[in-house]
Amino acid sequence: MAVQLPEMNLVLLSPEILLSLVAMGLLLMSAWSGKESRGLIGTMALSGIVLAAVVLAGLSSATPSATMGGHFIDDRLARAMKWLLLIATALPLLMSREYLNQHGLDSGEYYVLTITSLIGAMAMVSAGSFLLLYLGLELMSLSIYVLAAYQRDQLQSTEAGLKYFILGSLASGILLYGTSLVYGATGTTLFTAVANAIKTAEHVSPVLVLGAVLVIIGISFKVAAAPFHMWAPDVYEGAPTSVTAFIAVMPKVAAFTAFFRVLLEAFSALHVHWAPMLQLLAVLTLAVGSLGAIAQSNIKRLLAYSSIGHVGFLLIGLTTGSQLGHQSVVFYLANYIFMSVGAFCLVLVLNRQGIGDQISDYAGLAKKRPLLAFLMSMFMFSMAGIPPLAGFIAKLYVLMAAVKAGLLTLAVISVIFAAIGAFYYLRIVKIIYFDVAEQPFDMEVSLSHQIVLAISALIVLVVGIFPGKLLDWSLASVQSLL
Amino acid sequence: MLENYFPILLLLAVALATAVVMMAGSFLVGPKRNYAEKVAQYECGFAPLSRVRLPFDVRFYLLSILFVVFDIEAAFLFPWAVAFKDIGLTGLVEMLLFLMVLLVGYAYIWKKGALEWE
């Protein structure tokens, strides 16, 4: 008996295949070559990502389709999110080289792990079934656990890695359990088939709802939505700063795409069940994000809470269930990448000459390095949602979507928390501009840091004033949903 | 839907009851004559010579992790071998690709010296 194998259109997988080959090649290179070629490995990793972007651009004319028996989807959403993922990997990679050199962390495995986690994330955003979703999630997470513990001789870093690993594995287990319950209730793992099974069933089985809840909890862990956020501040603080910049943006893009796929493609008929749950999560996340950050003295911890706050806004966009809401999520994610990467890049730059990660270390930055101070204030203003910066438009669209969907209470609550959140962003600006300098600011800003800062600042400014193009792009990417 | 699982529930109940009854029975009915030697850890009749929880070489962990990786590889080979005739050339090529990926990892750990004890 010959088994009918599903058709395989490997062309659609070419960015992932290319990156896998790059990762394997670099792994062998890092084992065989000496110290002198480490810079080369970093360059090759970056070129690999650029090459993958070129391949992805070449795919953009192909008609959106699914392959591998429906497990792998290549649609507008997947392509748009892959662009964001490539950017969210390339920028942190670009700015990490000097940091790694200075801290004696420069080895080929760093780049290999970054690329493997990127492959996992790309598989996640293209997932057409719970199976590929889980596989991608694990590949992404496992690589990131190792990256978080990369500074092996630092207790904080190993603690971060271990904590992330244990809680992340728990989340993966919950997600997998939810998947098995969904499979038990519907008899399939494909998103479209699950959606069909729910529509044709005469009543919603409690097993299915429990499965859906567990899946949502599993993904909520990955985006650090409260009350599943406990790992985030410790991991962000303990991990090497270049890794923190990476894990603050890249997994969020992948996990929110997973939310899109699971909630809108598989569980769209269960909207009445998951929408209140996500709204509750959103309120809790906003509260934790804005209240938790107030007392922080460490900039990395503060940015961790700030990212939790952003996740709260993203969840609101998701819970509206409208096209405007989905558009606002993609738009917010795109802007969040640049705001966050820019802020972390400044933390990296200012961290170089022995000045620590404490916010008080930035006192008087404006007198000595006005440009750096201006950039830091700009990113903080953008995160706080002050016009005319990108963060404002992003928040505005989320709120518009919430109001149009009739979620007025939620919109009001989020504005209140955004106002509270503005306090700690403005506190940093105040310290930079009005406090007296204690440390010298004689660091040099290397070329790669200049590039990353220029790109992030430009996008935050330009998108803030002319958001039209990016908004259209976000809308086009979510049109295949619903 | 859910009633299909009823036999499993029944089996679970019987299994639980059996275990509870047996343990409770031995606990309630069995004679208890405890003295120091009897309740001590059993070590071939000797008095315990050292603590049981010794630290041991971290290299054991490395080896066991590597073992798990390549054991999983073997676990994937079995279903593939069973279905080998049905999936034909495509299956063969796919398995070769899979093994190639693992071979890269194998070459890496070999070169890194993870397989050497000293």
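All values derive from a computational prediction rather than experimental measurement. (Residues numbered from 1 in each chain as written. Chains lettered and ligands numbered in written order. Predicted model: local features only at pLDDT ≥ 70, side-chain atom pairs only at ≥ 80, totals over all residues.)

Caption draft 1: The arrangement of the overall build of chain A in detail. Along its length, chain A carries 19 helices and two strands. Relative to the 2.2 N^0.38 estimate, which gives 23 Å for 482 residues, the radius of gyration of chain A is 22 Å and therefore close to what a compact globule would have. Projecting the C-alpha coordinates of chain A onto the three principal axes gives extents of approximately 75 × 60 × 40 Å. Sequence-distant contacts, at least 24 apart, represent 80% of the contacts inside chain A between residues at least 6 apart. (Helix = DSSP H or I, 4+ residues; strand = E, 2+ residues; numbered from the N terminus. Rg over C-alpha atoms; globule rule 2.2 N^0.38 Å. Contact = placed C-beta atoms within 7 Å.)

Caption draft 2: Structural view of the overall build of chain B. Within chain B one finds four helices and zero strands. Counting helices and strands in the order they occur from the N terminus, chain B gives α-α-α-α. Here the C-alpha radius of gyration of chain B, 26 Å, is well above what a compact globule of 118 residues would show, namely 13 Å. For chain B, the C-alpha atoms occupy an extent of roughly 65 × 55 × 20 Å along the three principal directions.

Caption draft 3: Main features of helix α2 (residues 38-59) of chain A. All names here are of chain A. The end-to-end C-alpha distance of α2, which contains 22 residues, comes to 32 Å, matching closely the 32 Å that a straight helix rising 1.5 Å per residue would cover. Those residues of α2 that sit buried are R38, I41, G42, A45, G48, I49, A52 and L56. The buried residues of α2 all sit within an arc of 110° when viewed along its axis, so they share a single face. The exposed residues of α2 that point more than 90 degrees off its buried face are G39, S47, V50, V54, A57 and G58. At its buried positions, α2 is contacted by α1 (14-32), α3 (76-102) and α4 (108-125). (Expected span 1.5 Å × (residues − 1). Buried ≥ 20, exposed ≤ 12 C-beta atoms within 10 Å, placed from the backbone. Arc of directions from axis to C-beta.)

Caption draft 4: Spatial organisation of the domain arrangement of chain B. One can read the domain layout of chain B as domain 1 (2-39) and domain 2 (58-111). With centres defined by C-alpha atoms, the gap from domain 1 of chain B to domain 2 of chain B works out at 41 Å. (Domains from an automatic or database assignment.)

Caption draft 5: Local environment of helix α10 (residues 241-266) of chain A. All names here are of chain A. When the terminal C-alpha atoms of α10 are compared, their 37 Å separation across 26 residues agrees well with the 38 Å that a helix rising 1.5 Å per residue should span. The largest bend along α10 measures about 25° and falls at I247, with the proline P251 one to four residues further on. By the criterion of burial, α10 is predominantly enclosed, with 26 of the 26 residues buried. (Bend = angle between axes of the 7 residues up to and from the residue.)

Caption draft 6: Highlighting the interface of chain B and chain A. Chain B puts 13 residues into the contact, and the matching count from chain A is 11 residues. Its residues assigned to classes, the side of chain B that touches chain A comprises eight nonpolar, two polar and three charged. (Nonpolar A, V, L, I, M, F, W, Y, C, P; charged D, E, K, R; others polar.)

Caption draft 7: View of the environment of G25(A). Residues and elements named next belong to chain A. On the secondary structure map, G25 appears in helix α1. Taking the C-beta count within 10 Å as the criterion, G25 has 16 such neighbours and is therefore assigned partly exposed. Counting along the chain gives 87 residues from G25 to V112, while the straight-line C-alpha distance between them is 9.0 Å.

Caption draft 8: Quick peek at the confidence of the model for chain B. All names here are of chain B. When pLDDT is averaged along chain B, the result is 86, and 94% of the positions lie at 70 or above. Considering each helix and strand of chain B separately, the mean pLDDT is smallest for helix α2 (residues 36-39), with a value of 76, and largest for helix α1 (residues 6-29), with 94. Scoring of the predicted complex yields 0.90 for pTM and 0.83 for ipTM. (pLDDT = per-residue confidence, 0-100.)

Caption draft 9: Seen up close, unusual backbone geometry. Residues and elements named next belong to chain A. Cis geometry marks the peptide bond from A226 to P227, where omega comes out at 0°. Along the polypeptide, P227 turns up in the loop between α8 (206-223) and α9 (231-238). Backbone geometry places M68, a non-glycine residue, at a positive phi of 60°. Residue position: M68 is located in the loop between β1 (65-67) and β2 (72-74).

Caption draft 10: Highlighting the packing of helix α15 (residues 370-384) of chain A against helix α18 (residues 447-465) of chain A. Residue and element names in this part refer to chain A. Interaxial distance between α15 and α18 falls to 11 Å at its minimum, and their mutual angle equals 45°. Judged by the inter-axis angle, α15 sits oblique to α18. When you trace α15 past α18, the crossing you get is left-handed. Of the residues in α18, those touching α15 at L375, M378, F379 and S382 are L453, A457 and V460. Considered class by class, the residues forming the contact of α15 with α18 number six nonpolar, one polar and no charged. (Axes fitted to C-alpha atoms, helices over the stretch in contact; angles between N-to-C directions. Parallel < 35°, antiparallel > 145°, perpendicular 65-115°, else oblique. Left-handed = near helix turned anticlockwise from the far one by under 90°.)

Caption draft 11: Geometry of the environment of L51(A). Within the secondary structure, L51(A) is located in helix α2. Sequence separation between L51(A) and L18(A) is 33 residues; the distance between their C-alpha atoms is 8.2 Å.

Caption draft 12: Expanded view of the packing of helix α5 (residues 130-148) of chain A against α10(A). All names here are of chain A. Closest axis-to-axis distance for the α5/α10 pair is 11 Å, and the angle between their directions is 170°. Classified by the angle between their axes, α5 and α10 sit roughly antiparallel to one another. Crossing of α5 over α10 shows left-handed handedness. Here L133, M140, I144, L147 and A148 of α5 lie close against α10, whose contacting residues are V243, I247, P251, A254, A258 and R261.

Caption draft 13: Representation of the environment of L46(A) in the model. All names here are of chain A. Inspection of the secondary structure puts L46 in helix α2. Sequence separation between L46 and Y332 is 286 residues; the distance between their C-alpha atoms is 25 Å. With residues near it in sequence (within four places) discarded, L46 still touches A90, L93 and L94.

Caption draft 14: A look at the nonpolar core. Residue and element names in this part refer to chain A. Counting 181 residues, the largest nonpolar core has L85, A148 and L333 as its most contacted members. Tallying contributions element by element places helix α13 (residues 323-350) first for this core, with 19 residues. With near-sequence residues (within four places) excluded, L85 lies in contact with L118, A121, M122, V125, M250, V253 and A254. (Core = buried A, V, L, I, M, F, W, Y, C linked by C-beta atoms within 7 Å.)

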